[in-house]
Amino acid sequence: MTSSLKSLSPQALLDSALRKATTIPSATIKAHVDSLRRKNPTATPEQIVDILSSEFKLFLQGSGGAVGASAALPGVGTTTALVLTSADLAAFFAAASAYSLAVAEVHGMETQDVERRTALLLASVLGDSGAKTVASLGARPSAAWGKTLLTAMPKSTIKQVNSVLSSRFIKRQLVKHGGVAMGRVIPFGIGAVVGIVGGRALAHTVIHQTTRAFGAAPASFASPLTSVIESQPISDDSPDIPPQVADR
């Protein structure tokens, strides 16, 4: 019983969601950005970022509404809906991580370092307080803090940043996010509306902070498109990839 309760603790829930969200292969992120560039050959980097933002918003709004609507389906009660929302944080983190890493790719930056990815994700999700934490602990200006975080910030500072951001997320945002999740299990379809609105709000926070993290999109792409190669199958051990980074 104790072990079961421990597995559901806020810290355990956060750690599990972060592990999956921060191990998305860089090749997968790049492949999706390249796919969007091929489908939109005249699009500027700014326009590609706009497309990524639209995908991210649609994904969060769609998944939020689907969970809420499940409570109103015949034979599906609130217990089942609560089980469905148990994976909500992991899905949100995976989508937010994929989005922020894709924007970084448009800016000509990528990292496979899990600690740096974690800091980028948590700071984006936490909004202004996350950005200020990165700036203050890194002794750097808050403008375009993502570039410093991914390329120049010492690993020792990154670990300190992650410790502070994790604690702050558990104390503040997990309660807020949980409130959104509970709103979705209201029966008779009301939860679907709450889920869609909540998803839109969460997406707005991440998009706004990711824009601040990297600044304005570059005038041109740092590298030309590579030729299309046959994709390799994803192994069963690969982390779950949200729809917006799947090559459609």
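What you see is a predicted model, and the numbers here were worked out from it, not measured in a lab. (Residues numbered from 1 in each chain as written. Predicted model: local features only at pLDDT ≥ 70, side-chain atom pairs only at ≥ 80, totals over all residues. Heavy atoms only, no water.)

### Section: the environment of Lys30
With respect to the helices and strands, the residue Lys30 is situated in helix α3 (residues 26-39). When its relative accessible area of 25% is taken as the criterion, Lys30 is described as partly exposed. Sequence spacing of Lys30 and Ala102 is 72 residues, and the spatial spacing of their C-alpha atoms is 7.1 Å. Those residues in contact with Lys30 that lie beyond four places of it in its chain are Glu105 and Ser223. (Helix = DSSP H or I, 4+ residues; strand = E, 2+ residues; numbered from the N terminus. Buried < 20%, exposed > 50% of the residue type's maximum accessible area, 1.4 Å probe, protein only. Contact = heavy atoms within 4.5 Å.)

### Points about helix α7 (residues 114-126)
With 13 residues, α7 ought to run about 18 Å at 1.5 Å a step, and its terminal C-alpha atoms sit 18 Å apart, in line with that. A large share of α7 lies buried, amounting to eleven of its 13 residues. Residues of α7 that are buried: Arg116, Arg117, Thr118, Ala119, Leu120, Leu121, Leu122, Ala123, Ser124, Val125 and Leu126. A distance of 3.0 Å separates the backbone nitrogen of Glu115 from a side-chain oxygen at the start of α7, and that oxygen is part of Asp113. Trailing α7 by a residue or two, Gly127 shows a phi angle of about 80°, which is positive. (Expected span 1.5 Å × (residues − 1). Polar contact = N/O pair within 3.5 Å; in protein donor to acceptor, adjacent residues only side chain to side chain.)

### Quick word on the nonpolar core
Phe56 and Phe93 are the most contacted members of the largest nonpolar core, which totals 51 residues. The leading source of residues in this core is helix α6 (residues 88-106), at twelve residues. (Core = buried A, V, L, I, M, F, W, Y, C linked by side-chain atoms within 4.5 Å.)

### What about the confidence of the model for the protein?
Summing up the model confidence of the protein, the mean pLDDT is 75 and the portion of residues at 70 or higher is 63%. Taking the mean pLDDT of every element in the protein, the minimum, 42, falls on helix α1 (residues 2-7) and the maximum, 94, on α3. Between residues 1-7, whose pLDDT stays under 50, and residues either more than four places distant or in other chains, the model counts two contacts. Taken together, the stretch residues 229-241 has pLDDT below 50 and engages in nine contacts with residues farther than four places along the chain or on a different chain. (pLDDT = per-residue confidence, 0-100.)

### Quick word on the environment of Pro218
By the element assignment, Pro218 lies in the segment after α11 (190-214). It is 6.3 Å that separates the C-alpha atoms of Pro218 and Pro45, two residues lying 173 residues apart in sequence. Once residues within four sequence positions are removed from consideration, Pro218 is found in contact with Pro45, Val106 and His107.

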